[in-house]
Each structure stands twice: as C-alpha cells, then as structure tokens.
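# Coordinates in review
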Amino acid sequence: MAVQYGSRLKRAVTFHIPLTVMVVATLFPFYWMVITSVRPDVELYNVKMNPFFTLHPTLTHFYYLFELTMFPRWAWNTLFIATVSTGISLFCGLLAGYALARLQFRWAPSLGTVIFITYLVPPTLLFIPLGDVVKTFGIGDTPWAVILTYPTFLIPFCTWLLMGYFKTIPREIEDCARIDGASRFQAMVRITFPLAVPGILSAGIFAFTLSWNEFLYALVFLASPQQKTIPIGVFTELVRGDVFYWGPLMAGALLGSIPVALVYSMFVEHYVTALTGAVKG
Amino acid sequence: MADQRIEPILAESVARGATAIPAPVVVVAVPKLGRPRRFGQLLEREHILAAVLLAPTLVILTLFIAYPFVLGIWLAVSDKVVGRPGNFVGLHNFWVNLNDSIFLRAFQNTFVYTFIATILKLVLGMGAALLLNQHFRFKRIVRASMLLPWIVPTVLSTLAWQWMFDATFSVFNWMLMNVGIISQRILWLGDGTLAMGCLITVNVWRGMPFFAITLLAGLQTVNPDLHEAAEIDGANAWQRFWRVTLPLIKPIMLVVVLFSMIATFADFQLIYVLTRGGPYSSTHVFGTYAYEIAMRAAKLGQGASISLTLFPFLLMVIVFQLWYIRRSD
Amino acid sequence: MNRRAFLGAAGAATAAAVVGGIPGIVAAQKAPSFPKGTRLNILEWVSFVPASDVEFKRLAAEFGKLAGVEVTVDLINMNDLNPRIASAIETKAGPDIIMMISNWPHLYADGLADVDDVAEEIAKRDGAYYEHNKMVSVVNGAWKAVPLCSVPSTWAYREDWFKEAGAAKFPETWDEWRKVGVALKKKGQPMGQAFGHSLGDPNNWAYSITWGFGGTEIDKSGKVAINSKETVEAVKFTVAAWKDCLDEGGLAWDDSSNNRAYLAGTISATINGASIYFVAKRQFPDIAKVTAHGQMPKGPGGRFYNIGGQGRADMKYSKNQQVAKEFLRWFMDRPQYDKWMAANDGYTVGPTPYWEKHPLWEKDPKLVPFKEAVKFGRWPGYPGVPNRKSSEALVKYILVDMYAQAIKGMKAEDAVKWAEAELKKAYA
C-alpha cells in the first residue's frame, strides 16, 4: 500500500515535515483546551502569561463541572440518545440501502434521489414546524423528541454508505443461497447483512458522532436540565450572561469528546477498511 | 454444500481487489425450509420486499421532514409572526430579501464560505490522506487522533477558537508577537474579511479529518500494482497521483464533497458561536441570518424565506455534481 | 371559586401578606385553591449571579409547598430563550411562566396572557414602575408581563488610572470623557467598547450615545428620524473616540469581551452591568479595590441608558393561569422580592422606586450608581413604543453597525444614511 520514496532528505521534506505540521495544526486546539481546563482562573485572565503551560494546574474546573452542573446526567443522556438514534438510522439505512442497491423496482432511482433531497433541507427551516410534530406525539422534553428527529439527517448518509457497500458484495452469494432454498429475506439477513458489518460499523460511527454533536434540535426540544445533552448543557449553563466560565467549559468539551474518541480509536481501522467497500460502489 | 459454492466466489472477489472480508465470516449453511410460508412468499416478490424494507425510512422521513418541509414552505410565503396566524403573501418575503443588503451579503458569504472551505478541505484532506497512507510507527494513534476535531461538539470547539482569536487574549497574537513577526496585535474577528478567514479556518479544521479518513479509505482501494506499473513506465510521483490515483478515487471524492458541501451551505452553529454574523453583519450566512430574523425578530415567515432560498441553489449545485459524475462514468 | 371571590381572597391575601407575611396568604385562602397534581413550570435565564438562581429555586419550591403545587424551574442562557419561546407559543405547549427580556412582551404579545390585575396591584402598592419597565410590558394598553427588574449598566472604571490621568471622578460630559480618554490611551490604558453583534454592550453605546447627542431612531409620529445633524455628530464623535480613546479590538467584541479585557488590565473603563465588579471582588480583589462606577456622560441631548428591563409573562396557552398569576403576585410581594433582590447583591434593580431603599445599597457604596442609572433609562424605539419594528432594528444591529461601519472608514453622513435606509425597511 505505501509508496516508497528515495533519499532520506526527500522523505523528511515530503513526509515527515508535512505530517508533523498536520498533526500539530489539528491537535493544537486540543492542547490549548487541555491547558485551559487545568489552569486557575487568575492565570486565564493574565495576558502576559505564557498560554502554553501552567505551573499551578488545578482540578477545580472539573470539580465544578461535576458537582455544580448535571454533567454526568448530560453525558448519560447524550450517550443514550446517540446510541438509540444511531441504531434507528442504521436499521433504516440498512434496509433502505439494500432495497435500493439490490432490488429492481420501478421507483428505485427516484426514491433514492428523494432520500438524498431530504438531506438538503436545513434544520434552521425545519425546527419550528417540527416543534408541532413533536408536540402532537407528546414527546416534547423527552429524549424521544430528538431520537426520532436525528435520523432525518442520519439516514440519508447511512443509506448511501450501505448502498455502496452492498454493491460490492457479489450477487452470486445470495443467488447461491436462494438456489439452496433460502427465501430472499433469509438470504438478505443471513448472508448479506453479516458481510456488511464493516460498512455498518462505519455508518454507525458517523451517525453516532453527528448525534453526539447536534445543537439546534436538542436546544429547542429538550427543556429541563435533566434532559439536556452535553453540548446544550455545557453551553447554556456555563455561559451566564456575559461571563463565560472558560475552565469548566473546556473541561466539558474535553470530557464530552473523550468517550467518542475512545470508541473511534477502537474502530478507526475498521472504519477505514470498511469505507473501502463503500468506495467501490 | 453451500460452503463449496461460496468459497470460490469469495476468492474471486478478493482477487478482484475487494476488501478482505474479516475472518469470522458468517457462512451459514442454509437450512432447508421447504416451501416458504405465505408472508414469506409475498416477500419473494421484489416490489413487496422493497416496500417493506423502505417503509421505516419513508415513514420517518415523511413525518419528520416532508411534512415540516411543506409547513416551512407555507411559512415562507406567509407573513407569519410568532403567536399570530399568518396570511398568504406570495413572494413578498423573497422580494424583501432581495432588497435587504444584509441578506445579499449573507448570500455572498454563504457561497464564498462554502466553496473556499470545501476546496481547502478537499486539498488538505487529500494531502493528509496521502500522508496517512504510508506506514510509519504511530500510524494508528495518529489516524485516530486526527479525527478529534470532528468528534468534539462543534459548539464547544468553536468557543475554544473564539478565545484563541480573542482581541485581547489571542494565543496566535501572543506567539506572533513573541517571535517578533508582528508588533501590533491582529484583530482576527474585528475585520470583515479577516473574520471570514477565521470562520473558514475553523470549518476546515473541523471538517478536514472527515475528508482525510474517507479519502484514505479510497486510497487504500488503489492497487499498488498500478503504481508500480506506472513507475516502470517512467511516471514521477505527481504524474502517478494525477493520472492513476485521482481517477480511481474520483467517485468517493465527489460523494464526500457532496455531503460536506450540503452541510457547509446550511451551517449555523459555527458562525453563530464565533461571530454571530458580525462584525457589522459581514459574516452572516443564510443559516445565521434566518435564525436571527425568525427567532429574535419573531418573524417566522421572513426567516423561513431566507432559509428556503438555500434550497434551489443547493439543488443546482448537487444536480451539477451528479451530472458531472454520470458524465465521467 | 368564582372570580370575585378569588380576587377578593387574593386582594386580602396581598394585604395580609404585607402585614402578616406568608402565613397571611395561607390564612386568607379558605381551602387549597388548586387541584391536586397541578404543576407550574417556569423558564428563566441563567442568572449571572449564581446565588440568585439558588434563591429563586428555593422561593419557587416554597411557593409550591404553600400552594400545594409542583413547581419546576428551567434555566437557560439568555440568548437561547428565543427559540424556546417561539416553539412554545407556536405549539401551544411549554412553560407556564417565561421570563421576558427587554421588549419581548411586544414581540410575543399574541402568546401572552393579560396580567393587568397583578401588575397594577404592584404599582399601587410599591409606586409607579420606571418608565422603561412599563413601556416594554404594556402592549396596546394591556399588561403582557409583570415587570421584574432591570439590569442597568454603568461605566466600570479604574479610579487609580483616571486619577493619574487627571480625573478625580468620572467625567460628566462627553467632552470631558474624551479628554481623559486621550490621556489614558496615550499611556496604554484605553477605554473599551464593544461594537460586535451581541445584544447587550454594543447597544448600550449605540443607543445611549445617539440619544445623548439628541438623535433618535424615529420621531413621535413614527417616522424614521435617524438622519439628523445630531446623529451625525454622535457618529463623528464615536469615530474620533475610537481613534483616540478606545481599544481597537472592540469591533469584534461581544458581551463578554470587555469583562475579560477589564479584568486582564488592558482597558481602563467600559460600559457594563455589575458583573465585572462581582468577578473582580471574587477573583481579582486588587482590581476590585480600584474599580468604581460612573454614570454615562451627558451629551447635548442629555444622559441616557438603553435599558430594557426584565419581566415575567404568563403564557396564554398555559392551563394554569390562576397558579401562574398567584406565583407572580406572591413573588413580587415584598417579603419574597426582598430576599431575591438581596441574593442578587446589586446586580439587579427593582422595577419600582420602592426598592431604591433596600438595605443592600448601603452595604457597598460602589454599587449605588446602578441604582441611579435606572432613572435615565430609555428603550429601543424611543420615543415610540418598543414594538416589533424596534426589535427588527435591534436584531439587524442597525444602530451598532452604523457606528461600526463609520469606524471602519465609512463617512459619518453615509453611515447615517445607510442606517436611515435600513430603519425605513424595518419600520415599513
């Protein structure tokens, strides 16, 4: 896979330096966030101080986050919401992707297009009318309000990804199974779906991240502090009027990303190889 | 018996360059069930199975997008304000928008923001993918950590950037001043053009990992034999990239660009948190302006019309891209 | 319970409350007035003063116990209240009481219930409301919100630096202000002002100085009147002040930037609520010691502040109108309000002159200017009503951008003309 280069200098210039630059540029803000979250307030407001390290690290901001806000609850909410909406989107995307990739029926191309068009509708337009729908179903201020609305922007991408992935799985495998007496449905579930697990993984990771990250719907549909998600909770309760509680804010940002980052680090290799499949579609 | 049929097919797929399917493949010996039951028989027919499979998706999308979207269109052609029923006013809202200098600025900004950010994400993402495609010692960690900007909740990472660009506390100013490159601090978010630059920077920082990882996957499907062949034929690295790699990953490139462009067009959070459309309304985009009008002036109809204006342009961009893909297929 | 009996009981309750405190209410009511299981949900902003949030939640719980009602309180960031309110009004479901900031009662009038009885009762008891509180809460003759408080701004300034620059006290007029400012900026201690897109501090300059020089957005008949000699003067003054006296980061500043800059010691003065002083007292006592508060300088047109005030509205869709009104009435009653105001420690000012006598003003004399500032309050859209159109002007930051563009280089007359065109569209 890797392409070899000639001399060492060339390698340094064309590889090591760009790589280092890229890693530094990407991770620099995180370094800054980490430092800010352990810096005492006095230092935060000092213009002259070196912003890159502190001699008096403190955990008060994390303490504040855990004791004085409902951060653990928000973390749980966000996890629950992200997991269930991902599940729903994967379920729908899996079925829809299969149908659009494998089955011949009259409406196939147009439905595929319609599903992608829905992705174009911006949430800033939708959220007021959606409020009505949410209220009609009586799910306002419950996690279900967002669990059912997040799939609207998750399903199109999952569908596309899995569609592409299905197209790489040779038809013959299913045909074989069907010749052996399996129904179309069984062939789909028993043969094709398992082969698509890497694709499901990658779609799932994408969906999980987007749900974890979402702001507008969560702001409008989740009202009480117990129901909030991390982005909403941290942002709305640590910004009081014209005072930003920077330490706890950055602490919240870090703690709000670590779980997802851990999940990623476990799956990233799969994610990469899985997307390969979709690519060929 | 079933195993014997599947093995050679799998082998063939692997030879053709498909991903090696992970070891514990579920190769199920399909039990003989005899004649499928009646429901099962129905599902044999492609139309029915398709309908059943697509049903959950269509239900969710109809309920939570199609219906509100239609309501949204109604809002855009009405004079609705919060609390009052609206009256149909035809295209009046759109006419007002055309005469609104802030709207026109937002229009321009949205396109500039989207196009520049997307191009940068593509180029940098491609570069990153090429780098990550190599073997090096900390490959796994680096790949995983590269995704961090995309993982952190946008609201919070943007706040961090806001502090980094802060007129008084900017860490960039601190660095540049200490190194001696500048003597006066740079007011990053205080100038219209500079602020747009900052917005694009944050957007690229946040979105590039997604491009990088996805393009990396694309790169890994390119058969190294092709590269060797080209090298033997005398092509240098750049030519190899341009002539061999690029055409092969064009499909995934285009799709990633598509999805990213759509999201960037409608972007709201990033600009809202970083500049709120300032300074002097020079960084408003459709999303933020629509929000301000609809939420703070309570003019739902007008706000909807601003949001809706996105739609036809987005559609045009998508159609163009799809036509372009089909053309080169 | 018929309406008359209810009002009678409530009236007696209020009178009793003034005399007998809380037990008065309970005694006056012959039976629990509210069906079991009634819930009251209140939506407020997250207060800058955490102690006041704690106190408010405590008071809410106390009311709940007294009235036999389950009370829940939701607190979110001021800026994020709007989408929540819009959604609540549109879907006709949500909190029963929502805080109104500035002229929101006008904006959301159709979704708010009339609260004339409660509001007028309080005025009768405590004295007439400050004009700005009244103007923002009365829509077409009906009270749509019960005024709660104001969060006035003043000039927070470094006494020590001002003294060194030759000003023993905060300048009285804009010309004096400019002189001091020039001296201060020369020493590297400029004053600071936000001209970015946030609703608080930038508007506190834009509107105040326009009025101070005699300009207004509209005239008494509702016609756009911004394009006047007075406004041009104000703009010219601002541009000059920008160069000579102000920190040039201001174009990017939002509501929190000046706080940070002041506490970092990079600016010598800025318009702000009491939040700077409070944070200083807690974390930067050396700065707090040398910080004092001055009133807005006087211009040819007078001395004014842009104060919207805050209120509480009873939502029309609420099924608990009675409970809601009882709560508002009870909360604004002296024993309760007194406690809440004390918890705010000078950050808020009462809606009526009665609260100018509160003992907390004697605790820290540095906070007294806030109490005084409220008397010079005006509202966006002055001298007209702070209606929807003035909201649109606010939301589009027309006045703020007028100054910002002039600072950026636009000729003062052109900036004013631009503002005139934009205001005409908003007031169309």
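Residues numbered from 1 in each chain as written. Chains lettered and ligands numbered in written order. Predicted model: local features only at pLDDT ≥ 70, side-chain atom pairs only at ≥ 80, totals over all residues. Heavy atoms only, no water.

### Quick notes on the overall build of chain C
Worth spelling out the cut-off: Helix and strand definitions follow DSSP, with helices as H or I runs of at least four residues and strands as E runs of at least two, each counted in order from the N terminus. Summary of the burial criterion: residues with accessible area below 20% of their type's maximum are buried, those above 50% are exposed, and those between are partly exposed, where the area comes from a 1.4 Å probe applied to protein chains only. Residue contacts are counted whenever heavy atoms from the two residues lie within 4.5 Å of one another. In this tally, Asp and Glu contribute negative charge and Lys and Arg positive charge; neither His nor the terminal groups of the chain are included. Where a charge sits is defined by one atom per residue type, namely NZ (Lys), CZ (Arg), CG (Asp) or CD (Glu).
Counting its secondary structure elements, chain C contains 21 helices and 12 strands. If one aligns the C-alpha atoms of chain C with their principal axes, the spans along those axes are about 70 × 50 × 30 Å. By the burial criterion, 66% of the 428 residues in chain C qualify as buried. Residue pairs in contact within chain C that sit at least 24 positions apart in sequence constitute 75% of those at least 6 positions apart. Distance between charge centroids for chain C: 2 Å, based on 54 positive and 49 negative side chains.

### Side note on the domain arrangement of chain A
Accessible area lost upon the coming together of the parts is a frequently used measure of interface size. Residues and elements named next belong to chain A. Applicable threshold: What fixes the domain bounds is an automatic or database domain assignment. The term buried area denotes the loss of accessible surface (1.4 Å probe radius) that occurs when two parts are joined, taken as the sum for both partners. For this analysis, a salt bridge means a side-chain nitrogen from Lys or Arg found within 4 Å of a carboxyl oxygen belonging to Asp or Glu. Polar contact criterion, stated in full: a pair of N or O atoms within 3.5 Å, where within protein one must be able to donate a hydrogen and the other to accept it, and residues adjacent in sequence count only if both atoms are side-chain atoms. Only Asp, Glu, Lys and Arg are considered charged in this grouping, and only Ala, Val, Leu, Ile, Met, Phe, Trp, Tyr, Cys and Pro are considered nonpolar; every other residue, Gly among them, is considered polar.
The domains assigned to chain A are domain 1 (2–58) and domain 2 (69–280). Placing the centre of domain 1 and that of domain 2 at their C-alpha centroids yields a distance of 32 Å. Across the boundary between the two partners, domain 1 contributes 7 residues, which contact 7 residues of domain 2. For the pair domain 1 and domain 2, the summed buried area comes to about 600 Å², and 82% of that belongs to carbon and sulfur atoms. At the junction of domain 1 and domain 2, the tally comes to 0 salt bridges. Counting every contact that joins domain 1 to domain 2 gives 0 residue pairs in polar contact (both at pLDDT 80 or more). At 5 residues, helix 1 (residues 8–38) tops the list of elements feeding residues into the side of domain 1 that touches domain 2. Classifying every residue of the side of domain 1 that touches domain 2 gives 5 nonpolar, 2 polar and no charged.

### Observations regarding the pairing of strand 11 (residues 310–314) of chain C
Residues and elements named next belong to chain C. Which entries qualify depends on this criterion: We treat two strands as partners when DSSP finds at least two bridges between them.
Among the 5 residues that make up strand 11, 5 are buried, leaving the element largely enclosed by the rest of the structure. Alternating positions in strand 11 separate into two faces, Gln310, Arg312 and Asp314 on one and Gly311 and Ala313 on the other, with burial throughout. Relative to strand 11, strand 3 (residues 97–101) runs antiparallel, the two being bridged by 5 bridges. Within the sheet, the bridge partner assigned to Ile101 lies in strand 11 and is Gln310.

### Examining the interface of chain B and chain A
Taken residue by residue, the interface counts 110 residues in chain B and 117 residues in chain A. Put simply, chain B and chain A have 0 salt bridges between them. Put simply, chain B and chain A have 5 residue pairs in polar contact (both at pLDDT 80 or more) between them. In terms of residue count, the dominant contributor to the side of chain B that touches chain A is helix 3 (residues 46–76) of chain B (20 residues). Here the side of chain B that touches chain A is built from residues that sort into 82 nonpolar, 20 polar and 8 charged.

### Digging into the nonpolar core
For clarity, the threshold we go by: We call a set of buried Ala, Val, Leu, Ile, Met, Phe, Trp, Tyr and Cys residues a nonpolar core when their side-chain atoms join them within 4.5 Å.
Core analysis: the largest hydrophobic core is formed by 341 residues, its most contacted members being Leu40, Tyr108, Trp155, Trp177, Phe327, Phe331 and Met402 of chain C. Ranked by residues supplied to this core, first place goes to helix 10 (residues 192–219) of chain B with 16 residues. What Tyr108 of chain C contacts, discounting residues up to four positions off in sequence, is Val82, Met295 and Ala298 of chain B together with Asn82, Ile85, Ile89 and Met100 of chain C.

### Regarding unusual backbone geometry
The peptide bond linking Tyr382 of chain C to Pro383 of chain C adopts the cis configuration, its omega dihedral lying at 0°. Tracing the sequence through the fold places Pro383 of chain C in the loop between strand 12 (377–378) and helix 19 (388–395). One non-glycine residue, Ser281 of chain B, lies in positive phi territory at about 55°. Checked against the element boundaries, Ser281 of chain B lands in the loop between helix 13 (269–274) and helix 14 (286–296). Residue classification places Ser281 of chain B among the buried residues on the basis of a relative accessible area of 6%. For Ala298 of chain B, which is not glycine, the phi torsion reads 60° and is therefore positive.

### Thoughts on the packing of helix 4 (residues 71–102) of chain A against helix 13 (residues 230–237) of chain A
In a packed pair of helices, the relevant descriptors are the angle between the two axes and the axis-to-axis distance. Residue and element names in this part refer to chain A. As a reminder of what qualifies: Axis lines are fitted through C-alpha atoms, for helices just across the contact stretch, and the angle between N-to-C directions can take any value from 0 to 180 degrees. Should an angle fall under 35 degrees it is taken as roughly parallel, and over 145 as roughly antiparallel, whereas 65 to 115 is taken as roughly perpendicular and any remaining angle as oblique.
Look at helix 4 against helix 13: their axes get within 8 Å of each other, and the N-to-C directions meet at 150°. It follows that helix 4 is roughly antiparallel to helix 13 by the angle criterion. Together, Phe71, Trp74, Ala75 and Thr78 of helix 4 and Ile230, Gly233, Val234 and Glu237 of helix 13 make up the contact between the two elements. When its residues are assigned to classes, the contact of helix 4 with helix 13 shows 5 nonpolar, 2 polar and 1 charged.

### As for the packing of aromatic side chains
Defined as follows: Here is the rule: rings of Phe, Tyr and Trp (six-membered ring for Trp) pair when centre to centre is within 6.5 Å. Planes less than 30 degrees apart are stacked, more than 60 are edge-to-face, and the remainder are tilted.
Counted by the stated rule, this structure contains 80 aromatic pairs over all chains. Ring geometry for Tyr119 of chain A and Phe259 of chain B: centres 5.0 Å apart, planes at 55°, overall tilted. With Tyr119 of chain A in helix 5 (residues 108–120) and Phe259 of chain B in helix 12 (residues 237–265), the pair connects residues from two separate chains. Both residues of the pair, Tyr119 of chain A and Phe259 of chain B, count as buried.

### A few points about the interface of chain C and chain B
Counting from both sides, the interface comprises 38 residues of chain C and, opposite them, 39 residues of chain B. Roughly 3200 Å² is buried in total at the junction of chain C and chain B, and carbon and sulfur atoms are behind 54% of that figure. When the buried area of chain C at its contact with chain B is split by residue, His197, Arg260 and Val395 of chain C rank highest and sum to 19% of it. Where Lys299 of chain B meets Glu392 of chain C, a salt bridge forms, and the shortest distance between an N and an O atom there is 2.6 Å. Across the contact surface, chain C and chain B share 16 residue pairs in polar contact (both at pLDDT 80 or more). Taken together, the residues that form the side of chain C that touches chain B break down as 15 nonpolar, 9 polar and 14 charged.

### Focus: the environment of Gly409 of chain C
Residues and elements named next belong to chain C. Turning to its location among the elements, Gly409 is positioned in the loop between helix 20 (398–408) and helix 21 (412–426). Accessibility expressed as a relative area gives 61% for Gly409, which makes it exposed. Sequence separation between Gly409 and Val239 is 170 residues, and the spatial gap between their C-alpha atoms is 8.7 Å.

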